[in-house]
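A closer look at the structure
Residues per chain, in single letters:
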Amino acid sequence: MTIAKDFIVIGSGVAGLTFALKVCKFGSVGIITKDALEESATKYAQGGIASVMAEDDSFDLHVKDTMETGRGLCHEDFVRIACGEGPARIRELIELGAKFDRVRGAGFDLGKEGGHSKRRILHANDLTGWEIERTLIEAVQAQENIEIFEHHMAIDLITRARLEEDVQPGSPQDEALGLYVLDHKTQKVETMVGGIILLATGGAGKVYVYTSNPDTATGDGVAVAYRAGAQIANMEFFQFHPTCLFHPKAKSFLISETVRGEGGVLRLQNGNTFMESYHPLGCLAPRDVVARAIDYEMKKSGDDYVLLDVTHLEGYRIRERFPNIYKTCLDFGFDMSREPLPVVPAAHYMCGGLVVDVSGQTNIKRLFASGEVCFSGLHGANRLASNSLLEGLVLSHRAVEKAVGIFKESKLSKTLLEQIPEWDPGSAVDSDESVVVSHNWDEIRRLMWNYVGIVRSTKRLKRAERRIQLLLEEIQEYYWNFKITKDTLELRNLTITAQLIIQGALTRKESRGLHYNLDYPETDDKHWKQDTVFQNRVHRLITQTNPRIVTHE
Ligand code: SIN
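So, here is what we can say about the structure in this document. Every residue gets a number counted from 1 within its own chain, in the order that chain's sequence is written. A pLDDT threshold of at least 70 governs which residues receive local features in this predicted model, and a stricter bar of 80 or more applies before side-chain atom pairs are shown or counted, although totals over entire chains, interfaces and linings include all residues. The side-chain numbers reported here are obtained from all heavy atoms of the structure, hydrogens and water having been left aside.

1. A short note on the pattern of salt bridges
- Just to be clear on terms, a salt bridge is a Lys or Arg side-chain nitrogen sitting within 4 Å of an Asp or Glu carboxyl oxygen. In total, this model carries 40 salt bridges according to the counting rule given.
- The salt bridge involving glutamate 138 is made with arginine 134; its shortest N-O contact spans 3.2 Å. In this pair, glutamate 138 and arginine 134 are both assigned in helix 5 (residues 128–141), 4 residues apart and thus about one turn of the helix distant.
- When salt bridges with common partners are traced through the structure, they connect Glu236, Arg508, Glu510, Arg512 and Asp525 into a single cluster. For helices the rule is a DSSP run of H or I covering at least 4 residues; for strands it is a run of E covering at least 2, with both sets numbered from the N terminus onward.

2. Details of the site of the ligand
- Each residue is tested against the molecule or strand, and it is near if at least one of its non-hydrogen atoms lies within 4 Å. Contacts to the ligand come from Gln46, Gly47, Glu113, His241, Leu254, Ser256, Glu257, Arg287, His348, Arg383, Ala385 and Ser386.
- Pairs of N or O atoms within 3.5 Å make up the polar contacts considered here, provided that, within protein, one atom can donate a hydrogen while the other can accept it, and that residues adjacent in sequence are counted only when both atoms are side-chain atoms. The separation between an oxygen atom of the ligand and a polar side-chain atom of histidine 241 is 2.7 Å.
- Here an oxygen atom of the ligand sits 2.6 Å away from a polar atom, N or O, in the main chain of serine 386.
- Where accessible areas are quoted, they stem from the Shrake-Rupley method and a 1.4 Å probe; at the residue level, only the protein chains shown are allowed to cover. Relative to its free-state accessible area of 260 Å², the ligand is covered by the protein chains to the extent of 95%.
- In this classification, the charged set is Asp, Glu, Lys and Arg, the nonpolar set is Ala, Val, Leu, Ile, Met, Phe, Trp, Tyr, Cys and Pro, and all remaining amino acids, among them Gly, are polar. Taken together, the residues that form the shell around the ligand break down as 2 nonpolar, 6 polar and 4 charged.

3. Quick notes on the nonpolar core
- If you look at the biggest cluster of nonpolar residues, it comprises 113 residues, and the most contacted ones within it are Phe19 and Leu179.
- Element by element, the count of residues in this core is highest for helix 11 (residues 388–409), at 11 residues.
- Leave out the neighbours within four places in its chain, and leucine 179 touches Ile8, Ile10, Ile32, Ala154, Asp156, Leu157, Ile158, Glu190, Thr191, Met192 and Ile197.
- Formed by 30 residues, the second largest nonpolar core is a distinct cluster that contains Leu266, Val289, Val306 and Phe334. To qualify as a nonpolar core, a set must consist of buried Ala, Val, Leu, Ile, Met, Phe, Trp, Tyr and Cys residues joined through side-chain atoms within 4.5 Å. Burial here depends on accessible area, computed with a 1.4 Å probe over protein chains only, as a share of the maximum for the residue type. Under 20% is buried, over 50% is exposed, and the range in between is partly exposed. Residues are treated as being in contact if the distance between any of their heavy atoms lies within 4.5 Å.

4. Observations concerning the packing of helix 3 (residues 59–69) against helix 4 (residues 76–96)
- Where helix 3 meets helix 4, the closest approach of the two axes is 9 Å, and the angle between their N-to-C directions is 135°. Judged on the interaxial angle alone, helix 4 and helix 3 are oblique. Of the two possible hands of crossing, helix 3 and helix 4 adopt the one that is right-handed. Residues Phe59, Asp60, His62, Val63, Thr66 and Met67 of helix 3 form the contact with helix 4, whose own contacting residues are Glu76, Val79, Arg80, Cys83, Gly84 and Pro87.
- By residue class, the composition of the contact of helix 3 with helix 4 is 6 nonpolar, 3 polar and 3 charged. Lines fitted to C-alpha atoms define the axes here, with helix axes fitted over just the stretch in contact, and angles between the N-to-C directions of these axes take values from 0 to 180 degrees. Just so you know how the angles are binned, under 35 degrees is roughly parallel, over 145 roughly antiparallel, 65 to 115 roughly perpendicular, and the rest oblique. Left-handed describes a crossing whose near helix is turned anticlockwise from the far helix through less than a right angle; right-handed describes the clockwise counterpart.

5. Here's the deal with the pairing of strand 8 (residues 188–199)
- Counting buried positions along strand 8 gives 11 out of 12 residues, so the element sits mostly inside the fold.
- For two strands to count as paired, DSSP must find a minimum of two bridges between them. Across 8 bridges, the pairing between strand 1 (residues 2–10) and strand 8 is parallel. Across the sheet, the residue bridging to isoleucine 10 is leucine 199, located in strand 8.
- Of the pairings in the sheet, the one linking strand 7 (residues 176–183) to strand 8 comprises 6 bridges and is antiparallel in character. Looking at strand 8, one finds that glycine 178 is bridged to valine 193.
- The antiparallel pairing of strand 7 with strand 8 creates a hairpin that spans 4 residues between the two strands, and glutamine 187 there sits at a positive phi of about 65°.
- Taken together, the 3 bridges between strand 8 and strand 15 (residues 367–369) define a ladder with parallel strand orientation. Bridge pairing links isoleucine 197 to leucine 367 in strand 15.

These results come straight from atomic positions and should not be treated as a statement about function.
Following this line, the structure appears as structure tokens:
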């Protein structure tokens, strides 16, 4: 079955929903989302959204903090746009019904996080992401022009280059026409065609065994776009959040940085503090510094965790300011108002991604990206805390004007669309070896944690590279021979994302921000004050005999 929409949005977090809500005035919109509509990283964001709101703050200071944290790799043009346009986008959210905490009778109750020189984090208790997601979902559901496809997963993009031999993938002649989508409730594959496609699929924390991310974060957008010839940059910069709850059943539950913003102190298990010897900002140093310091101290002492002590705050204040964190920790047996919490770093945010301009446009015509999946230049080598929801809001808003312009100016060619074959499973059969998928899934996540984690070395990276290459071959074969499932697709995407992280890390012969290589411990501005960019040039056509576009070799 072919479904046609003017705008196709893949992903339902802040970036996807913001775009959908704004473009639905210009045409029909289909939102594809892998799980239930609300299930995205946005929903789980605790700390908040950074924006200049206080009188003693300024755009220049927000820009400076972002650029310093990004260690010389931020793109100043977009940093200025994001910081400057943030307040207007936040006012729109408030008009839609989002409620951020206020100080009684005064302005916003602004929080503080690592790397910020001022209080500028708007929040809704410690459930800020959910407040934003809830607001956007209500607004999107009220629009007749938006159709929501829950439990649908993008398989691969259909591009001009995949239909016409003389158009090279990712070249100026290339354009996105649609995609194949798996409805994983019915196992049917549908063809969707659309005038504009926005990838807003979020990050890839599941590439590591310990992550604060939801299960949906499997690098889908990066892998889908990379296979089609889009440019991908700076994947070596994967941010590890310093403080996730250490408990076998807690799934690396995040303890927001705003806890440290309210005076929470990191301690070793013997009670000693340590961050003052790593950075003048101590426990509120940028995340790369704090995560690396914890990693170092844990390796030195052999301890499994460090402590986050917030017992200086009154119990009522903790329950009021951090109700979700307090309750979740209590469920795991920790009363944070009385005892320090055991914490460890876990994979949290993908700072690299799909290269876009300041309007979210990729190098493939009609293909846009926004949010964690994209590389806008905002985060550089290390993201400033709470700048991510901001990026999604600002970039998706800016993408609307350009996307609508392209949509109005150049309609998709009917003859081209008629060339798109329906998905054909070929001779693929049901798999009787699902263990292959679960085994490979575990292997990738563990090898990434051990060899491509907070501290890297060239030897470990090369070892990881070899393993990933073998796994890719195995997965490719599996993908070809067996009917696809959500698990197979996620595994394929995760492996390609892992490969891109490793390639980026091996290419960058220095240490900077989130990328630390023991063999190149210094920052080398002379050679490496630049982004690492990769583009897949393999050109495979979709034909009746090759309907499954096995493009990655
Ligand atoms: C946190 O609340 O610590 C997470 C905020 C972020 O990652 O920006």
